[in-house]
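Architecture at a glance
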Amino acid sequence: MLDKIIKALLLTVSLLFCLNGSVLAADVVDLNQLVENAEIMDGQTVTVSGEAIGEAMERGDHAWVNINDGTNAMGIWMPLDDIQSIKVFGDYKHLGDQLQVTGVFNQACVEHGGDVDVHSDSITVVAAGYATAESVPALKIVIGLVLVCLASVLGLIYLKVIKKSDG
Amino acid sequence: MNTFNGRFYSILIISYYTGFVVLGIALLMVLPILTAVGLQEWNPFWDFIITMAISVILGLLLIIIGKQTRHNKSFVQWKHGFVVASLSWIILMFLCAIPYLLSGHVNSILDACFDVMSGFTTTGMVLTQDLDHISLSLNLWRHMLTFIGGQGMIVLALTFLLKETGGAYIFYVGEAKDIDLVPNVKGTARIIWKISMVYLLIGTAALWIDGMTIGLNPLSAFFNGLFIFASSWSTGGFAPYTQNMMYYHSFSYENLTIIFFILGSLNFGLHYAILSGNKKELLKNIETQSFFITSFLASVLAVMWLARTGVYHDAIAMFRRVVYNVLSAHTTTGFGSVYARQFALEWGDFGILILVIVMLIGGSACSTAGGFKGLRIGIIFNSILADVKRLLASERNVKVFRFHHIKDQILADGLVKASALIIICYLITFAIGTLIGTFYGYPLASAAFEAASITGNVGLSIGITVPGMPAVMKIYYIIAMYLGRLEFLSVFALIGFIIGGIKKCWTK
């Protein structure tokens, strides 16, 4: 009986340890938290998550990808191979891929002229980006057309008034 | 022939010229409309159609109301120029805020007005949210506002829309652009715009090419080049992405912006003199001397101070993160190569104080820059030197002191007084801004930093200017940007005109 209890306890503790470990590894830090605590976080391996925005800027065998997590935006320095996994970058017409990046945070990167950045070790696309559908409200179009008509009518009145005034 | 009747002819004059300014801005909306069509951004397309139609209606109504002015242009006085300038800026702020509001990227009309005033005044503070998903046409509009604001939009509208511009100098001075490059104002305005357009072509091309070399795709590199040049040249500080200059991660891109924002912060008269072959003017001019001395001193002090903190490890990092921000602050550009909060967390009180001082000093008079202006600092400094020399000289020895600004000029008491008055006005605006900031619980250094940035039309933020900041601060910042850009006199003229009008109505 005691043997079973000890075994169960050992299993529970080891499971707790494993689960706790996996939670820590995936503990996502806000980008703004990194900026606010830059001195403490400098040189540490962190996991950040955010939408890939703009475009990838290739520089040799690496590239810059900027991500925005809603609290702030930051540059991720990653190997070129990792860029292939990013299909959609966020802009007016797109919601970019949601990336989860694990890498080393730098308060003032020595390699990049004092940049605040993350040098990635691994990248995962946690949610695929997509093209956002743009629909123009009918009311906006109606208001626009009415105002254009009004402006045109006033333009004609203006020409008449000015001609009369000059004449 | 005089056809003006009654006591309120001033209103007709102001209405007439303000109408043209509004009409001028309405016509400029063609550019974002065409961009929206080209890129198939249909929501912004209708936003700009609505705004343009409203602006045309208002502009035409104002012209029709003041139509009698067409035959009474000799009645136009200095006060009208000042009032047209200051009133137009307020009307245009509301009109130009419409596309922001309709885009859904701002929380309120107040935030939209804040961003427009920030653009017009070439400040560069931003309350627009989610810049990374903003349409290209709205981004074009943001950067157009700052570019036009920098060159002088009243002058642009009146010079190009009115056939006769005999009295246009009045409007010119009203917008704090009192310079006469050639005898007639139309010629001067055209020279200013010609200089700006030549630089626009060169600057956009340079940033476009560099943009492609740093990994931007050609179309994106073009728009980024255009936007960043417009912001650099006008010392505006807007950028198309949330990260501002940090988006590009590029030393070469930052260096190009330094060249363009320093050029933009120099007096148009200096550009004209150099382009006309008078290269020595660059060294002799009181403003360039003042700018190079203060920027050198500020950069050295900031580098020495931040070297002590040990955040930046090498010369390149120091240049890109410290000198860049000092120059950006001094030229009142406001491009940031560090996060806003880094100023508060890493720069320390001394670093912040250095930035506050250079932000208040600002760039050159009759440039796109804000602040006291190097000319006034130079005049005050020279007048102190002159007074000391007078004290030490024999009483029988009457000496006339001079300074060099485009030409040799006498250091007259009136000039010194006028310069001192404007500097005092700036300092009062800055002090009130700091006071309000501390009232709302911000630390003194942070409140002073933000107030200096707003008053000097800089645009660097320490993290106070966010959509959630108190509405009172947003309103005060709008007023401070407006006062700082128009250099007080035009706004005082508008206030005096309104009070005078009320008095007239009261006594009638």
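Residues numbered from 1 in each chain as written. Chains lettered and ligands numbered in written order. Predicted model: local features only at pLDDT ≥ 70, side-chain atom pairs only at ≥ 80, totals over all residues.

Every contact between the two is made by 41 residues of chain A and, on the other side, 42 residues of chain B. For the side of chain A that touches chain B, the elements supplying multiple residues, two or more each, are helix 2 (31-36), strand 1 (45-59), strand 2 (62-68), strand 3 (73-79), strand 5 (98-109), strand 6 (115-127) and helix 5 (138-166) of chain A. Ranked by residues supplied to the side of chain A that touches chain B, first place goes to helix 5 of chain A with 14 residues. For the side of chain A that touches chain B, the per-class residue count stands at 21 nonpolar, twelve polar and eight charged. (Contact = placed C-beta atoms within 7 Å. Helix = DSSP H or I, 4+ residues; strand = E, 2+ residues; numbered from the N terminus. Nonpolar A, V, L, I, M, F, W, Y, C, P; charged D, E, K, R; others polar.)

Right, let's talk about the pairing of strand 6 of chain A for a bit. Residue and element names in this part refer to chain A. Sheet topology places strand 3 next to strand 6; three bridges connect them, and they run parallel. Bridge assignment links glycine 75 to a residue of strand 6, and that residue is aspartate 117. As paired strands, strand 5 and strand 6 are joined by ten bridges and run antiparallel to one another. Directly across from glycine 103, in strand 6, lies its bridge partner serine 120. As consecutive antiparallel partners, strand 5 and strand 6 are separated by five residues, and within that stretch glycine 113 has a phi angle of approximately 55 degrees, a positive value. (Pairing = 2+ DSSP bridges.)

Moving on, we come to helix 12 (residues 268-275) of chain B. Residue and element names in this part refer to chain B. Counting buried residues along helix 12, six of its eight residues qualify, which places the element largely inside the surrounding structure. Taken together, the buried positions of helix 12 are Phe268, Gly269, Leu270, His271, Tyr272 and Ala273. Looking one or two residues beyond helix 12, the residue adopting positive phi is glycine 277, at roughly 105 degrees. (Buried ≥ 20, exposed ≤ 12 C-beta atoms within 10 Å, placed from the backbone.)

So, about the domain arrangement of chain B. Accessible area lost upon the coming together of the parts is a frequently used measure of interface size. Residues and elements named next belong to chain B. Per the domain assignment, the segments of chain B are domain 1 (9-264) and domain 2 (281-421 + 455-461). Placing a centre on the C-alpha atoms of domain 1 and another on those of domain 2 gives a separation of 27 Å. Between domain 1 and domain 2, the residue contacts involve 27 residues of the former and 21 residues of the latter. Elements supplying a minimum of two residues to the side of domain 1 that touches domain 2: helix 6 (136-151), helix 10 (218-233) and helix 11 (251-264). Considering every element that reaches the side of domain 1 that touches domain 2, the biggest residue donor is helix 11, with seven residues. Across the side of domain 1 that touches domain 2, the residue classes tally to ten nonpolar, 14 polar and three charged. (Domains from an automatic or database assignment.)

Residues and elements named next belong to chain B. Look at asparagine 244: it is not a glycine, yet its phi comes out positive at around 55 degrees. Among the residues examined, asparagine 244 registers 28 C-beta atoms within 10 Å and is labelled buried. One non-glycine residue with positive phi stands out, namely threonine 332, at about 65 degrees. If you trace the backbone, threonine 332 turns up in the loop between helix 15 (315-330) and helix 16 (340-346).

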